[in-house]
Amino acid sequence: MTALAFSLFALLLLPPQENPKDLQAVFETSAGTFVVQFYSDQAPNHVQKFLQLARDGYFNGTSFHSMVSRAVVQGGDPETRNPNARDKYGSGGYNMGLKREISDLPLKRGTIVAFTLPGMPDSAGSQFFICVGDQFQLNGQFTAFAYVADGMDIVERISATPTDDKRIASERVEIQTVTVRKIPPPPPPVLPPFTTETIEELKNFHLAIETSMGNIVVEMLPDKAPNHVRHILRLASVGAFDQTAVHRVARGFVLQVGDLNTRKEPLTEKVNTFVVPI
């Protein structure tokens, strides 16, 4: 009875086992912050190794050392802590005892993948690459263990870092910290801008368009087309039209604006959620 009681007491004192599905890692970088979450069912060993390294501060002070614009970003090499050792970038952080964990997860935009040495499929360690664009041609060749849950626009910006002829970054983008935390509860839903205003209230809004050739003020007609007015005001309020161009002109007749493909930079994912059919 005494031994049994002691065993039960000791069991009660053990900390609860964490579930990687409840965790996320926050990357604070010199280019901004992004958040990743994990495919712990498909790649449990890779996930546990990443969590261990992150908690040990292994990634802190390293940099994203290789990238292809809007395609991939590579990081996790401990050699990149030394800004003066660029000739060694890409050579460190391998062979940490990880066997491949290949799944049917497609290597789509946002997927985070363990990087291995050529011809050595079980050489994974701390190095990883992030798919900025879909990389379906690599499906089944690498272990996908995580994905970007928030801040993909930051990752895309990092992918545009200039590189040399070996695709090694010529400007330093540093990983300052990687912090593991529990996934916070979702924030309460927030209505999009210009959702609750009445028709009369919408009449009080105008579009002030500042162009390289002067300014234009546009009056809204919400009593004629309320949904279109809400949509245009919404896009303008979140900056969707900023840095777009007048893309078509019929002299003395009409000019056409608002094509978001003419932006100097792509929309962030958050702004892009407002680009919907009406």
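Scroll up to find the structure.
A brief report on the enclosed structure follows. (Residues numbered from 1 in each chain as written. Predicted model: local features only at pLDDT ≥ 70, side-chain atom pairs only at ≥ 80, totals over all residues. Heavy atoms only, no water.)

## Observations concerning the overall build of the protein
The helix and strand inventory of the protein stands at six helices and 12 strands. Over its C-alpha trace the protein gives a radius of gyration of 25 Å, far above what one expects of a compact globule, namely 19 Å for 278 residues. Once the C-alpha set of the protein is aligned to its principal axes, its extents read approximately 85 × 60 × 35 Å. The buried share of the protein, reckoned over its 278 residues, is 37%. (Helix = DSSP H or I, 4+ residues; strand = E, 2+ residues; numbered from the N terminus. Rg over C-alpha atoms; globule rule 2.2 N^0.38 Å. Buried < 20%, exposed > 50% of the residue type's maximum accessible area, 1.4 Å probe, protein only.)

## Side note on a nonpolar patch on the surface
A cluster of nonpolar side chains, Val-246, Val-249, Leu-255 and Val-257, forms an exposed patch at the surface whose accessible area comes to about 370 Å². The class of Val-246 is partly exposed, set by a relative accessible area of 46%. (Patch = residues over 30% accessible without salt bridge, like charges linked within 9 Å, V, L, I, M, F, W, Y side chains within 5 Å. Areas by Shrake-Rupley, 256 points an atom, 1.4 Å probe, with all protein chains shown as cover. Salt bridge = Lys/Arg side-chain N within 4 Å of Asp/Glu carboxyl O.)

## With respect to the side chain of Glu-197
Inspection of the secondary structure puts Glu-197 in the loop between β8 (175-182) and α4 (199-202). The charged side chain of Glu-197 is buried without a salt bridge, its nearest counter-charge being Arg-230 at 4.1 Å. Polar contacts involving the side chain of Glu-197 include one to the main-chain amide nitrogen of Thr-195, which spans 3.3 Å. When residues no more than four places from it in sequence are discounted, the contact partners of Glu-197 are Leu-202 and Arg-230. (Lys, Arg positive; Asp, Glu negative; His and termini not counted. Polar contact = N/O pair within 3.5 Å; in protein donor to acceptor, adjacent residues only side chain to side chain. Contact = heavy atoms within 4.5 Å.)

## Quick look at helix α3 (residues 152-159)
Counting buried residues along α3, six of its eight residues qualify, which places the element largely inside the surrounding structure. Looking only at α3, the buried set comprises Met-152, Ile-154, Val-155, Glu-156, Ile-158 and Ser-159.

## What about the pattern of salt bridges?
If you walk through the whole model with that rule in mind, you get nine salt bridges. For Glu-156, the salt bridge identified is with Arg-70, shortest N-O distance 3.6 Å. Of this pair, Glu-156 sits in helix α3 while Arg-70 sits in the loop between β3 (66-68) and β4 (72-75), and the two are 86 residues apart along the sequence. Connected via shared salt-bridge partners are Arg-70, Arg-109, Glu-156 and Glu-269.

## Overview of the nonpolar core
If you look at the biggest cluster of nonpolar residues, it comprises 35 residues, and the most contacted ones within it are Phe-27, Phe-34, Phe-50, Phe-64, Phe-128 and Phe-145. Going through the elements one at a time, β1 (23-29), β2 (32-38), α2 (44-55), β5 (111-114), β6 (128-131), β7 (143-150), α3 and β8 are the ones with two or more residues in this core. In terms of residue count, the dominant contributor to this core is α2 (five residues). With eight residues, the next largest nonpolar core counts Leu-105, Val-113, Phe-129 and Ala-144 among its residues. (Core = buried A, V, L, I, M, F, W, Y, C linked by side-chain atoms within 4.5 Å.)

## A closer look at the pairing of β2
A large share of β2 lies buried, amounting to six of its seven residues. Pairing geometry for β1 and β2, over six bridges, is antiparallel. Bridging across to β2, Phe-27 finds its partner in Phe-34. The antiparallel pairing of β1 with β2 creates a hairpin that spans two residues between the two strands. As paired strands, β2 and β7 are joined by four bridges and run antiparallel to one another. Its bridge partner being in β7, Gln-37 is matched across the sheet by Tyr-147. (Pairing = 2+ DSSP bridges.)

## Describing the pairing of strand β9 (residues 206-211)
Inspection of the sheet shows β9 paired to strand β10 (residues 214-219) by six bridges, in the antiparallel sense. Residue His-206 lies in a different strand from β10, and its bridge partner there is Glu-219.

## Overview of the environment of Cys-131
The residue Cys-131 is located in strand β6 in this model. By relative accessible area, which is 0% here, Cys-131 ends up buried. Between the C-alpha atom of Cys-131 and that of Gly-110, which follows or precedes it by 21 residues, the distance is 5.3 Å. The contacts of Cys-131, once residues within four sequence positions are left out, are Ala-71, Leu-107, Lys-108, Arg-109, Gly-110, Thr-111, Val-113 and Met-152.

## Remarks on unusual backbone geometry
The backbone phi angle of Phe-194 is positive, close to 60°, even though this residue is not glycine. Assignment of secondary structure puts Phe-194 in the loop between β8 and α4. Given a relative accessible area of 13%, Phe-194 falls into the buried group. Although it is not a glycine, Gln-243 sits at a positive phi angle of roughly 65°. Relative to the helices and strands, Gln-243 is located in the loop between α5 (226-237) and β11 (248-250).

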